[in-house]
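Structure assessment
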Amino acid sequence: MQINELVAKYQEIADFLNSHWPLKDKNQRIFARTMKVVEELGELSDEILTSMNLQRDSKIAKFSRENLEDEFADVLASLILLSCELDIDVEEVIKKKIEFTKERFEMERKN
Ligand SMILES: [Mg+2]
């Protein structure tokens, strides 16, 4: 799946969420989506800590790789949903960031 296909699927989900649970305005939607990113990042952090045996035993006993992957997907999904509200072209900004990073570390010369 290409990034733009992924974003298009999440735009459909964003439209569904916004029609079923409408918020007052765009600023509230951006705030809610931002808080969701933070929430999901916390859940991913919890899974990573658990995978490293740095949580309580009851959590460690329930750990699964599937849960960790699911929380990773939640973080990515919540970021894409935020991009929909911020009108950010994910593919474009990631392409720019890859170029910036390659230049920063002078990767072009090595490859
Ligand atoms: Mg989650």
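See the structure printed just above.
These notes cover the structure that comes with them. (Residues numbered from 1 in each chain as written. Predicted model: local features only at pLDDT ≥ 70, side-chain atom pairs only at ≥ 80, totals over all residues.)

Notes on the overall build of the protein chain
Summing up its helical and strand segments, the protein chain has 6 helices and 0 strands in all. For the protein chain, the N- to C-terminal ordering of α and β elements is α-α-α-α-α-α. For a compact globule of 111 residues, the expected C-alpha radius of gyration is about 13 Å, and the protein chain comes in at 17 Å, more than 25% above that figure. Each of the three principal axes of the protein chain carries a C-alpha extent, and together these read 50 × 45 × 25 Å. The burial tally for the protein chain puts 9% of its 111 residues in the buried class. (Helix = DSSP H or I, 4+ residues; strand = E, 2+ residues; numbered from the N terminus. Rg over C-alpha atoms; globule rule 2.2 N^0.38 Å. Buried ≥ 20, exposed ≤ 12 C-beta atoms within 10 Å, placed from the backbone.)

A closer look at the nonpolar core
Core analysis: the largest hydrophobic core is formed by 5 residues, namely Tyr10, Ile80, Leu81, Leu82 and Cys84. Among the elements that line this core, the one with the most residues is helix H4 (residues 65–86), at 4 residues. The residues touching Ile80, leaving out its near neighbours within four places in the chain, are Leu6, Val7, Tyr10 and Val90. (Core = buried A, V, L, I, M, F, W, Y, C linked by C-beta atoms within 7 Å. Contact = placed C-beta atoms within 7 Å.)

Quick word on the packing of helix H2 (residues 26–51) against H4
Between H2 and H4, the shortest axis-to-axis distance is 8 Å and the interhelical angle comes to 165°. Put simply, H2 runs roughly antiparallel to H4. Relative to H4, the crossing made by H2 is left-handed. Residues of the contact of H2 with H4, tallied by class, amount to 12 nonpolar, 4 polar and 10 charged. (Axes fitted to C-alpha atoms, helices over the stretch in contact; angles between N-to-C directions. Parallel < 35°, antiparallel > 145°, perpendicular 65-115°, else oblique. Left-handed = near helix turned anticlockwise from the far one by under 90°. Nonpolar A, V, L, I, M, F, W, Y, C, P; charged D, E, K, R; others polar.)

Quick word on the environment of Ile3
Inspection of the secondary structure assignment puts Ile3 in helix H1 (residues 3–20). Of the residues examined, Ile3 has 14 C-beta atoms within 10 Å and is grouped as partly exposed. As for Ile3 and Lys62, which are separated by 59 residues in sequence, their C-alpha atoms are 33 Å apart.

Section: unusual backbone geometry
For residues besides glycine, phi is generally negative; the peptide bonds are generally trans as well. Phi is positive for Asn53, close to 60°, though the residue is something other than glycine. Mapping Asn53 onto the fold places it in the loop between H2 and helix H3 (57–61). Although it is not a glycine, Glu106 adopts a positive phi angle of roughly 55°. Its location among the elements puts Glu106 in the loop between helix H5 (90–104) and helix H6 (107–110). Of the residues examined, Glu106 has 8 C-beta atoms within 10 Å and is grouped as exposed.

With respect to the packing of H1 against H4
In the contact formed by H1 and H4, the axes pass within 9 Å of each other and the chain directions differ by 75°. When the interaxial angle is binned, H1 and H4 end up roughly perpendicular. Two secondary-structure elements touch here, H1 through Leu6, Val7, Tyr10, Gln11, Ile13 and Ala14 and H4 through Ala77, Ile80, Leu81, Ser83 and Cys84. By residue class, the composition of the contact of H1 with H4 is 9 nonpolar, 2 polar and no charged.

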